[in-house]
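Here's the letter readout for the chains.
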Amino acid sequence: MSKIVFFCIPAHGHTNPTLGVVRELIARGHEVLYYSYEPFREKIESTGATFIACDAFDAEQKLDAKDAVKVGKDLAFSTRLLVDTTLALNDSVCAEMERIQPDCIVADSMAVWGKAVAMKMGIPFVSSTTTFAFNQYSARILKQSLGELFGMIFSMPKINKDIKRLQDAGYPVNSVLDLIQNDAETNTVVYTSPQFQPCSETFNDKYAFVGPSVRPAECEISKEKEKLIYISLGTVINDNERFFKNCIEAFKDTDYQVIISVGNLVDIDKLGEIPENISVQQHVDQIAVLQKADVFLSHCGMNSVNESLYYEVPLVTYPQTSEQGGVATRVEMLGAGVRLKKATSGAIRETVERVLGTPSYHDGAKKISEGFKNCSGAKGAGDKIMQVCVQK
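Residues numbered from 1 in each chain as written. Predicted model: local features only at pLDDT ≥ 70, side-chain atom pairs only at ≥ 80, totals over all residues. Heavy atoms only, no water.

Trainee: Tell me about the sheet that holds strand 7 (residues 207-209), and please be specific about residues and values.
Mentor: The seven strands lie next to each other as 3-2-1-4-5-6-7, forming an open sheet whose pairing is parallel. Strands at the two margins of the open sheet, each flanked by one partner only, are strand 3 (50-53) and strand 7. Each strand axis lies, on average, 20 degrees off the axis of its neighbour in the sheet, ignoring direction. Relative to strand 2 (residues 31-36), strand 1 (residues 3-7) is paired through five bridges, and the arrangement is parallel. Its bridge partner lying in strand 2, Lys3 is registered against Glu31. (Pairing = 2+ DSSP bridges. Helix = DSSP H or I, 4+ residues; strand = E, 2+ residues; numbered from the N terminus. Axes fitted to C-alpha atoms, helices over the stretch in contact; angles between N-to-C directions.)

Structure representation (structure tokens):
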């Protein structure tokens with residue numbers, strides 16, 4: 001029996017793909033300890049893993065809504081948060097790793113404290129990557145603006161100061177890239193298919209492209225009209241009242257059934273009168289909706305896109321970050337959707353109807369779905385992790 005420690009960030013899109021892998025490892029007789037956050041305790045413990053809370057140490061949990069939006073957009077700001085959390089966890093995690101003596105650490109690519117501890121203590125490591133894997137070839141689809149490039153250059157002195165803080169604490173880190181990049185030497189589980197991953201042929205056998213981990217639906221959604229349109233901006237950057245109002249305006253009193261998920265930051269009462277053909281909710285069972293949907297207007301988070309394409313649902317993409325922009329670009333490249341260029345009611349309706357009325361977009365989504373379903377899934381991820389454990 002092996003002991004395996006997981007680390008993850010407090011995000012559903014990063015946690016959910018790992019749960020099937022944890023179940024797979026436990027079914028094989030291995031022990032799994034999972035460092036995460038209280039809102040995720042129940043779903044993690046339901047796998048049979050031992051849950052360990054990180055809430056008291058994570059700097060990101062103390063952010064207000066405006067600062068939270070900067071995460072993922074401001075590299076210096078994000079690096080400081082990651083370093084703060086790593087150093088806050090340092091004493092307790094290192095002591096626990098010394099006591100547990102794990103055979104392997106599996107850490108989300110954004111939970112850099114897991115990778116840092118593995119580097120510091122010489123513990124075999126696997127990166128859990130819920131976005132695309134990036135190298136010099138695949139990164140070309142993320143076209144940074146000139147402003148983003150200059151912002152990164154000017155922020156490097158701040159970043160280097162934070163990296164020095166890690167070095168002073170005994171972490172063998174030379175640059176921020178040591179923490180955040182995929183490299184040719186790191187064993188990595190990627191939750192997408194070789195077909196959807198850009199430039200997958202340029203990654204070596206350290207990488208296991210296991211396909212998306214899609215949970216079962218938790219309820220049944222009734223399809224009441226011929227076409228069902230689903231709209232969501234995900235669970236993080238979704239405070240966009242004007243966008244949702246425009247969506248309601250675009251499809252009010254049409255012959256479409258529309259389901260809109262607005263999240264916790266939008267007050268539904270402020271959206272005005274909701275027409276009979278439109279349902280607006282703070283949260284929905286996305287899997288249940290996608291099993292019936294004909295098109296998904298999405299922020300293009302990797303998890304949402306994987307789920308949409310798994311069920312052969314083409315997309316209208318409305319990315320909010322550069323990472324989501326890269327996913328949107330890949331969707332367009334493979335003919336499974338189009339990008340929404342303006343968020344006016346007229347543009348929303350025209351773009352959605354273009355996807356609904358063009359069979360090739362569904363064909364593109366179906367082809368990607370077939371690639372997903374041919375992947376090794378949780379079993380393949382478990383095999384990769386056990387391969388690393390055996391090498392200890």
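Trainee: I'd love a proper account of the sheet that holds strand 12 (residues 315-317), names of residues and values included.
Mentor: In spatial order, the strands read 10-9-8-11-12-13; together these six strands make up an open sheet with parallel pairing. For this open sheet the edge positions go to strand 10 (278-281) and strand 13 (337-339), each flanked by a neighbour on one side alone. The sheet shows a mean angle of 15 degrees between the axes of neighbouring strands, taken without regard to direction. In this structure, strand 11 (residues 295-298) lies alongside strand 12, joined through three bridges in parallel fashion. For Leu297, the partnering residue across the bridge sits in strand 12 and is Val316. Running at roughly 135 degrees to strand 13, helix 11 (residues 322-333) makes contact with strand 12 and strand 13 of the sheet. (Contact = heavy atoms within 4.5 Å.)

Trainee: Any chance you could break down the pairing of strand 10 for me, citing the residues and the numbers?
Mentor: What you see with strand 10 is a clean split: Ile278 and Val280 sit on the buried side and Ser279 and Gln281 on the side with no burial. Where strand 9 (residues 256-261) meets strand 10, four bridges bridge the pair, whose relative direction is parallel. Counted as the bridge partner of Val258 is Ile278 from strand 10. (Buried < 20%, exposed > 50% of the residue type's maximum accessible area, 1.4 Å probe, protein only.)

Trainee: Can you break down the packing of aromatic side chains residue by residue, with the values?
Mentor: Applying the stated criterion to the full structure yields twelve aromatic pairs. An angle of 15 degrees between the planes, with centres 5.4 Å apart, marks the rings of Phe6 and Tyr34 as stacked. Linking Phe6 in strand 1 with Tyr34 in strand 2, this pair joins segments that are 28 residues apart in sequence. When sorted by exposure, Phe6 lands in the same class as Tyr34, which is buried. Taking the centre distance of 6.0 Å and the plane angle of 85 degrees together, the rings of Phe196 and Phe372 count as edge-to-face. Of this pair, Phe196 sits in the loop between strand 6 (187-190) and strand 7 while Phe372 is found in helix 13 (residues 359-373), placing the two residues 176 residues apart along the sequence. What links up through ring pairs into an aromatic cluster is the set Phe132, Phe196 and Phe372. The aromatic ring of Tyr310 is capped on one face by Lys373, whose charged end is 4.9 Å from the ring centroid. (Phe/Tyr/Trp six-rings, centres within 6.5 Å; stacked < 30°, edge-to-face > 60°. Lys NZ or Arg CZ within 6 Å of the ring centre and 35° of its normal.)

Read these as layout, nothing more, since geometry by itself doesn't imply function.
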